[in-house]
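# Summary of structural features
Here is what each chain is made of, one letter per residue.
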Amino acid sequence: MKKKIRAVFEMYITRKIGAEIKCCLTFMLILCYYGVYRLYCGFETAELIHMLEMLWAAYIMEWIQVLLHCDFDEIDRLSIKEWLMIIIGSGVYGLTAHIAGWFDGNKGVTAGFFGYMVIAYLCTFLIYAIKRVIDAKMLNNDLKKFQERNI
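One structure accompanies this document, and this report is about it. Along each chain, numbering runs from 1 in the same order as the chain's sequence is written. This being a predicted model, a pLDDT of at least 70 is required before a residue's local features are given, and a value of 80 or more before pairs of side-chain atoms are given or counted; all residues contribute to the totals for chains, interfaces and linings. Hydrogens and waters are ignored; side-chain quantities use all the structure's heavy atoms.

The subject of this paragraph is the overall build of the protein. To qualify as a helix, a DSSP run of H or I must reach at least 4 residues; to qualify as a strand, a run of E must reach at least 2; elements of each kind are numbered from the N terminus. The helix and strand tally for the protein stands at 4 helices and 0 strands. Going from N to C terminus, the protein has its helices and strands arranged as α-α-α-α. Each radius of gyration is computed over the set of C-alpha atoms, and the globule rule expresses the reference value as 2.2 Å times the number of residues to the power 0.38. A compact globule built from 151 residues would reach a C-alpha radius of gyration of about 15 Å, whereas the protein, at 19 Å, exceeds it by more than 25%. For every residue, the accessible area obtained with a 1.4 Å probe (protein chains only) is divided by the maximum for its type, and the residue is called buried under 20%, exposed over 50%, and partly exposed between those limits. A total of 151 residues make up the protein; the buried ones form 32% of that total. Within the protein, contacts between residues separated by at least 24 positions form 72% of all contacts whose residues are at least 6 apart in sequence. Where accessible areas are quoted, they stem from the Shrake-Rupley method and a 1.4 Å probe; at the residue level, only the protein chains shown are allowed to cover. Accessible surface, the protein as shown: approximately 10400 Å² in total, 71% of it carbon and sulfur. The positive count covers Lys and Arg only, the negative count covers Asp and Glu only, and His and the chain ends enter neither. One atom stands in for each charge, and that atom is NZ of Lys, CZ of Arg, CG of Asp or CD of Glu. Taken as two groups, the 17 positive and 15 negative side-chain charges of the protein have centres that lie 10 Å from each other. Note on contacts: a residue pair is in contact if any heavy atoms of the two residues lie within 4.5 Å.

Grouping buried Ala, Val, Leu, Ile, Met, Phe, Trp, Tyr and Cys residues that are joined through side-chain atoms within 4.5 Å yields what is termed a nonpolar core. Membership of the largest hydrophobic core comes to 24 residues, with the highest contact counts inside it found for I30, Y34, M54, Y93, W102, F103 and F113. For this core, the secondary-structure elements that each account for two or more residues are α1 (2-40), α2 (48-67), α3 (80-100) and α4 (107-150).

By salt bridge we mean one thing: a side-chain nitrogen of Lys or Arg within 4 Å of a carboxyl oxygen of Asp or Glu. Scanning the model with the defined rule gives 4 salt bridges in all. Note that D135 is salt-bridged to K131, the shortest N-O span being 2.7 Å. In this pair, D135 and K131 are both assigned in helix α4, 4 residues apart and thus about one turn of the helix distant.

Mapped onto the fold, T110 is located in helix α4. Pairing of N or O atoms within 3.5 Å defines a polar contact, subject to two protein rules: one partner must be a possible hydrogen donor and the other a possible acceptor, and residues neighboring in sequence count only if both atoms are side-chain atoms. A distance of 2.9 Å separates a polar side-chain atom of T110 from the backbone oxygen of N106. Leave out the neighbours within four places in its chain, and T110 touches G94, H98 and F103.

Backbone geometry follows two general trends: most residues other than glycine have a negative phi, and most peptide bonds adopt the trans configuration. Even without being a glycine, D104 presents a positive backbone phi close to 55 degrees. Here D104 shows up in the loop between α3 and α4. When its relative accessible area of 51% is taken as the criterion, D104 is described as exposed.

Here we take up the packing of aromatic side chains. Only rings of Phe, Tyr and Trp enter the pairing, Trp through its six-membered ring, and a pair is recorded when the two centres are within 6.5 Å. The plane angle decides the type: under 30 degrees is stacked, over 60 is edge-to-face, the rest tilted. Taken as a whole and judged by the stated rule, the model has 10 aromatic pairs. Ring centres 5.4 Å apart and planes at 85 degrees place the aromatic pair Y37 and F103 in the edge-to-face group. One end of the pair, Y37, is in helix α1; the other, F103, is in the loop between α3 and α4, with 66 residues separating them in the sequence. Of the residues examined, Y37 reaches a relative accessible area of 9% and is grouped as buried. When its relative accessible area of 0% is taken as the criterion, F103 is described as buried. When the ring of W102 is compared with that of F113, the centres are 6.1 Å apart and the planes differ by 80 degrees; the resulting orientation is edge-to-face. Here the residue W102 occupies a position in the loop between α3 and α4, and F113 occupies one in helix α4, the gap between them amounting to 11 residues. Feature note: the residues Y33, Y34, Y37, W102, F103, F113 and Y116 constitute an aromatic cluster, connected by ring pairs.

Relative to the helices and strands, R38 is located in helix α1. Apart from residues lying up to four places away in sequence, R38 is in contact with F43, T45, A46 and E47.

In structure tokens form, the structure reads like this:
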């Protein structure tokens, strides 16, 4: 029973850490776009309420994606499901930006933000795909060293 509880706890912690990392990454990507926009408009500051909205949007979206198994941790290619999640997720971020007024109602900048988020999702997929290849190589090397040691 203890092993089962521990396995469930470890699975939960693994998913939580993954979601938290993606939340932070997404928040930073949103904040970078917002920061460039603010600098372009002549402001050297960011609105704290906007930053909190961005953080909550990223947190909620990442957890929804994790719970729906629409994260990019373990997929090898983008299927229709993943493309839909990319478009829907980017749309939700764009809609949130518009409603929250992150870009002062500028529809062109908000549309650009939507495209930026699509690219961010694609880059996230690529990063995780590269990470899996590197991890597999490292595990295979470790296994080979272990097997050679025991021979």
